[in-house]
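So the chains spell out like this:
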Amino acid sequence: MIASYVEHKKEDEWQEEIRLSKQAVQIINSMHPKPKFLVLCGDLVNAMPGTSSSEPQMNDVRDVFSALDPEITLFYLPGNHDIGDIPTEQGVEQYRRHFGPDHYSFWLNGCHFVVLNSQYYENESQCSHLAQEQREWLDGVLKEGPFQHRVVFQHIPWFVHNPDESKFYFNIDKPLRTQMLNKFKENGVSKIFCGHLHENAGGWDDTLELVVSSAIGAQLGEVPAGHGFRIVKVYEDRIEHNYVTLDNAPTDISL
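Attention in this report is confined to the structure presented alongside it.

Criteria and thresholds
- Residues numbered from 1 in each chain as written.
- Predicted model: local features only at pLDDT ≥ 70, side-chain atom pairs only at ≥ 80, totals over all residues.
- Heavy atoms only, no water.
- Helix = DSSP H or I, 4+ residues; strand = E, 2+ residues; numbered from the N terminus.
- Rg over C-alpha atoms; globule rule 2.2 N^0.38 Å.
- Buried < 20%, exposed > 50% of the residue type's maximum accessible area, 1.4 Å probe, protein only.
- Contact = heavy atoms within 4.5 Å.
- Areas by Shrake-Rupley, 256 points an atom, 1.4 Å probe, with all protein chains shown as cover.
- Phe/Tyr/Trp six-rings, centres within 6.5 Å; stacked < 30°, edge-to-face > 60°.

Check the secondary structure of the chain and you find eight helices and 10 strands. Whereas a compact globule of 255 residues would reach a radius of gyration of roughly 18 Å, the chain reaches 17 Å, a difference of no more than 12%. Along the three orthogonal principal directions, the C-alpha set of the chain runs to about 45 × 45 × 35 Å. Burial statistics for the chain: of 255 residues in total, 51% are counted as buried. Sequence-distant contacts in the chain: of pairs separated by 6 or more residues, those separated by 24 or more amount to 61%. Surface exposure of the chain reaches about 12,100 Å², of which carbon and sulfur atoms provide 50%.

Here the focus is the environment of E55. Considering the arrangement of structural elements, one finds E55 in helix α3 (residues 54-65). Considering only alpha carbons, one finds E55 and W14, 41 residues apart in sequence, at a separation of 13 Å. Contact partners of E55, with chain neighbours within four places excluded, come to Q94, R97 and H98.

Pairs of aromatic rings are described using the distance from one ring centre to the other and the angle between the two planes. Under the criterion given, the structure shown has 15 aromatic pairs. Arranged with centres 5.8 Å apart and planes meeting at 25 degrees, the rings of F153 and F193 form a pair that is stacked. In this pair, F153 is assigned in strand β5 (residues 150-153) and F193 in strand β6 (residues 189-194), connecting sequence segments 40 residues apart. F153 sits in the buried class, given a relative accessible area of 7%.

Written as structure tokens, this is what we have:
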């Protein structure tokens with residue numbers, strides 16, 4: 001994505017993303033204490049499904065992140081580049097073959113983490129049965145409990161700055177947005193972590209915070225955040241987070 005979106009090259013290159021991802025893995029492996037897990041919030045690759053570079057890029061992602069310390073659990077989720085702006089059953093199958101389920105949940109230390117395929121909310125026209133499967137699954141998952149915190153991870157943010165903003169490419173249609181944000185609030189979700197924008201953003205909807213993080217790879221926006229990732233600290237009574245660049249990421253993490 002750096003070559004095509006930032007440098008405006010015609011060639012399909014991703015060596016810079018490989019270099020930056022390896023740097024990120026090295027930093028994360030050096031952290032003390034070690035993170036409990038790492039979530040990659042979509043756009044794992046740049047090449048769309050069905051293109052010649054799609055499979056090679058997916059293989060390279062898995063190869064690079066196979067170097068992550070085995071004590072740190074790695075979680076993937078799909079973005080629009082991974083399964084298509086208009087996802088198809090074939091695109092989702094390809095993603096699942098490389099990275100596993102496209103939606104799931106997990107528990108850690110009394111906290112409930114829910115991972116969603118947000119492309120279904122953007123356009124389900126070519127895979128409505130898969131979108132319906134996720135809707136039904138989510139209704140059941142949100143009934144689980146009790147929990148200390150409930151957190152959602154997805155690629156496309158419901159909103160970029162505030163829940164009343166108009167629809168544009170980087171958010172989700174407002175009627176569905178309002179419906180889902182209300183569902184999340186009613187079921188105790190306190191944070192939603194997203195990607196897609198390639199810059200930092202986010203905001204609040206009452207007690208629910210939505211956090212948009214930039215990327216290890218391509219940086220967009222008038223003032224790029226810098227290649228990096230977000231460190232999230234979970235306490236009994238709160239969740240704290242901050243974005244760090246690869247150039248200044250700490251390895252000694254203060255809790």
